[in-house]
Amino acid sequence: MSAVPLATPRSVVAAEAATSYWKRLLPLLAVLACVTRVPSFVPPLWNPDEGYLAVQARLLAHGGQLYQTVVDRKPPLVPWLYQGAFALCGSHSLTCVRVLAVLAELLTAAALASLARRRWGDRAGRTAGVLYLLVSVGLNPEDAQAAGFEVFILPCTAAAMWCADRRRWATAGAAVACAFLAKQTGGAVLLPVLWLCGTARPGSTARPALLRLATGAALPVLGAALLTDPAGFVFWTVTGSTAYATFTGSELHVLGRGLLNTAILAVACAGLLPPVVRALRIARTGAADLWLWLAASGGAVLMGFHFFGHYYLQLIPPLALLATSALQILPRDRVPGAVLTSSCCCALFLAWGLLAPRPELAHAQRLAAAVADRTGPTDRVLLWGMHPETYWLADRIPASRYLTAGLLTNFSGGRDGPEVGEKYAVPGTWPVFRAELADRPPSLIVDDSRGGPYGPDRVPGLRHLLAAGYEEAGRVDGAVLYRRAAAGQ
């Protein structure tokens, strides 16, 4: 008598189906992540944020202390990532960091695909992952292709929503903390996570979940503060940047930038926005947490009133999921249309990234060559400008912990209003700056203000420094180089 075959448990069937699903989807997402990031590997760097992080990483590798001798208005996670990448691959190229950015995009896409698959099925998972990657390049390449802070926020925010969707509150809190530690605005994802926590466990049963969420969020932040300098961590990431978060006197300039970047992202989202609008007209999507995620990300874009293009990257994950949700209630033929439109827009932005000229990079390279030609490897240099990448390109040591004039004048990204000058600097920076230069005077000072509102004519401290012991040594594209006068050497 033959044995009767036993029925396969449903859990085993589901596990095998999931394994098969991800074996097919992950390679597709990996290839797409690599293709969409191809332009990022072409230039040596994309924007001053990358340059700032590269200089920070070098200083940390040579004994610098974050929030003491190495400072910025950002949390420590991304500088640590750069430092680790440089330790593995050397500090003369950002290739290793760019690979980490590709991995960050892949992880974000995979988390979004998993969220969509859990809610709406296999097809939705594929749609969400693919749409996200296609739209992820939909900004000025200097913003979308750079391995900057926002790129490393995204996998953390997606992970926070993924964990909250599965009621893993401690892990969700840790992911929120990692998003915050990549950049303060990453903490905005806490709002939809709290919404999911409250709706999942109403009433008194929510208290243990909230406690686990709060503990998971607090411990990594506390650990980062203790690993650096607690007082410095609080000052540089929270309390020391009040003057930066205003656009007084630059309203039209800043709002124009905001409208332009909004329009650019809208073009990239041409395949996503119509399904969302159509779905809103005919039915509710039942995705309150995703709308809250989008609203919180919008608040992150508004924070500081600067509207830089890379701020808009936080909008893309919730937009991709909302479009996927909308496509579930529309005819099936809408999905290929959305993917095709997004693919065409993606190709347009990739061409922009590969072909567009980079005048500011060319200027920084010429300036770095001049600095390297006039100084030795151990000489200290003061670059008075907004492009700290010159330090990295020239491989020279900064004379000050303040790597841009922005920290000492409140100038930032085209701010042309009246609130620029020494009195608007980050509190306490000028006494430290003067002491640094008095202790170890730079061999070369580079005025790269090029007519900006933070030039020597507007900054008495710099003007007096130059007059006391420096003489002009040359000019590069409008930047003026000063060397120490013979009597002061």
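One structure accompanies this document, and this report is about it. The structure displayed is predicted, hence computed values, not measured ones. (Residues numbered from 1 in each chain as written. Predicted model: local features only at pLDDT ≥ 70, side-chain atom pairs only at ≥ 80, totals over all residues. Heavy atoms only, no water.)

Our next topic: the overall build of the protein chain. Scanning the protein chain from terminus to terminus reveals 21 helices and five strands. Expressed along its principal axes, the backbone C-alpha trace of the protein chain runs to roughly 105 × 50 × 50 Å. Burial statistics for the protein chain: of 489 residues in total, 53% are counted as buried. In the protein chain, of all internal contacts separated by at least 6 residues, the share reaching a separation of at least 24 is 76%. Counting every atom, the protein chain has about 20800 Å² of accessible surface; 64% of that belongs to carbon and sulfur. In the protein chain, 42 side chains carry a positive charge and 30 a negative one; their mean positions are 12 Å apart. (Helix = DSSP H or I, 4+ residues; strand = E, 2+ residues; numbered from the N terminus. Buried < 20%, exposed > 50% of the residue type's maximum accessible area, 1.4 Å probe, protein only. Contact = heavy atoms within 4.5 Å. Areas by Shrake-Rupley, 256 points an atom, 1.4 Å probe, with all protein chains shown as cover. Lys, Arg positive; Asp, Glu negative; His and termini not counted. Charge placed at Lys NZ, Arg CZ, Asp CG, Glu CD.)

Scanning the model with the defined rule gives eleven aromatic pairs in all. Between Trp384 and Phe433, the aromatic rings sit 6.2 Å apart at their centres with planes inclined by 45°, giving tilted as the arrangement. Separated by 49 residues along the polypeptide, Trp384 in strand β1 (residues 380-384) and Phe433 in helix α20 (residues 429-439) bring together distant segments of the chain. Judged by relative accessible area, which is 1%, Trp384 ranks as buried. Using a relative accessible area of 2% as the deciding quantity, one classes Phe433 as buried. Between Phe411 and Tyr454, the ring centres sit 4.6 Å apart and the planes meet at 40°, which makes this aromatic pair tilted. Taken together, the residues span a long stretch of sequence, with Phe411 in the loop between α19 (406-409) and α20 and Tyr454 in the loop between β3 (444-447) and α21 (460-469) at a distance of 43 residues. Taking relative accessible area as the criterion, Tyr454 reaches 5% and is therefore assigned buried. Site record: aromatic cluster; members linked through ring pairs are Phe235, Trp236 and Tyr402. (Phe/Tyr/Trp six-rings, centres within 6.5 Å; stacked < 30°, edge-to-face > 60°.)

Attention now goes to the sheet that holds strand β5 (residues 479-484). Taken in spatial order, the five strands make up an open sheet running β2-β1-β3-β5-β4, and their pairing is mixed. The sheet is open, and its two edges are formed by β2 (397-398) and β4 (470-476), each paired on a single side. As defined by bridge partners, β1 adjoins β2 across two bridges and the pair is classed as parallel. When the bridges of β2 are listed, Arg380 appears paired with Ile397. Contacting β1, β3, β4 and β5, helix α17 (residues 359-374) crosses the sheet at an angle of about 140° to β4. (Pairing = 2+ DSSP bridges. Axes fitted to C-alpha atoms, helices over the stretch in contact; angles between N-to-C directions.)

A surface patch of nonpolar side chains, about 400 Å² in accessible area, is lined by Val38, Val42, Leu354 and Leu355. Within the secondary structure, Val38 sits in the loop between α1 (10-36) and α2 (48-61). Among the residues examined, Val38 registers a relative accessible area of 41% and is labelled partly exposed. (Patch = residues over 30% accessible without salt bridge, like charges linked within 9 Å, V, L, I, M, F, W, Y side chains within 5 Å. Salt bridge = Lys/Arg side-chain N within 4 Å of Asp/Glu carboxyl O.)

Examined against the element boundaries, Ser114 turns out to sit in helix α4 (residues 95-120). Not counting the four nearest positions on each side in its chain, Ser114 is found in contact with Trp22, Trp162 and Arg166.

What α21 keeps buried is the set Gly461, Leu462, Leu466 and Gly469. For α21, the angular spread of the buried residues around the axis is 130°, confining them to a single face. For α21, the exposed residues lying more than 90 degrees away from the buried face are His464, Ala467 and Ala468. Turning to α21, the residues buried within the fold contact β1, α20, β3, β4 and β5. (Arc of directions from axis to C-beta.)

Looking at the second largest pocket, its volume works out to about 350 Å³. Along the walls of the second largest pocket sit 15 residues, with Thr69, Arg380, Pro398, Ala399 and Glu436 positioned nearest its centre. Residue assignment for the lining of the second largest pocket shows that the elements contributing at least two residues are β2 and α20. Looking at the lining of the second largest pocket, its residues break down into five nonpolar, five polar and five charged. (1 Å grid on protein atoms, 1.4 Å probe; cavity = no way out; pocket = protein on both sides within 12 Å on 5 of 7 lines; lining within 4 Å. Points joined across faces, edges and corners; volume = space filled by probe spheres on them. Nonpolar A, V, L, I, M, F, W, Y, C, P; charged D, E, K, R; others polar.)

Our focus in this paragraph is the packing of helix α13 (residues 273-282) against helix α15 (residues 316-327). For the pair α13 and α15, the least separation of the axes is 8 Å and the interaxial angle reads 55°. Comparing their axes, α15 and α13 come out oblique. Where α13 crosses over α15, the two elements pack in a sense that is left-handed. The segment α13 lies against α15, with Leu273, Pro275, Val276 and Ala279 engaging Leu319, Leu322, Ala323, Ala326 and Leu327. In terms of residue class, the contact of α13 with α15 is made up of nine nonpolar, no polar and no charged. (Parallel < 35°, antiparallel > 145°, perpendicular 65-115°, else oblique. Left-handed = near helix turned anticlockwise from the far one by under 90°.)

Below, the discussion takes up the pairing of β1. In terms of residue burial, β1 counts as a mostly covered element, since four of its five residues are buried. Handedness of the β-α-β unit built from β1, helix α18 (residues 389-394) and β2 comes out right-handed. Looking at chain direction, β1 and β3 are connected through four bridges and run parallel. Within β3, the position partnered with Leu383 by the bridge is Val446. (Right-handed = clockwise from strand over helix to strand, strands pointing away.)

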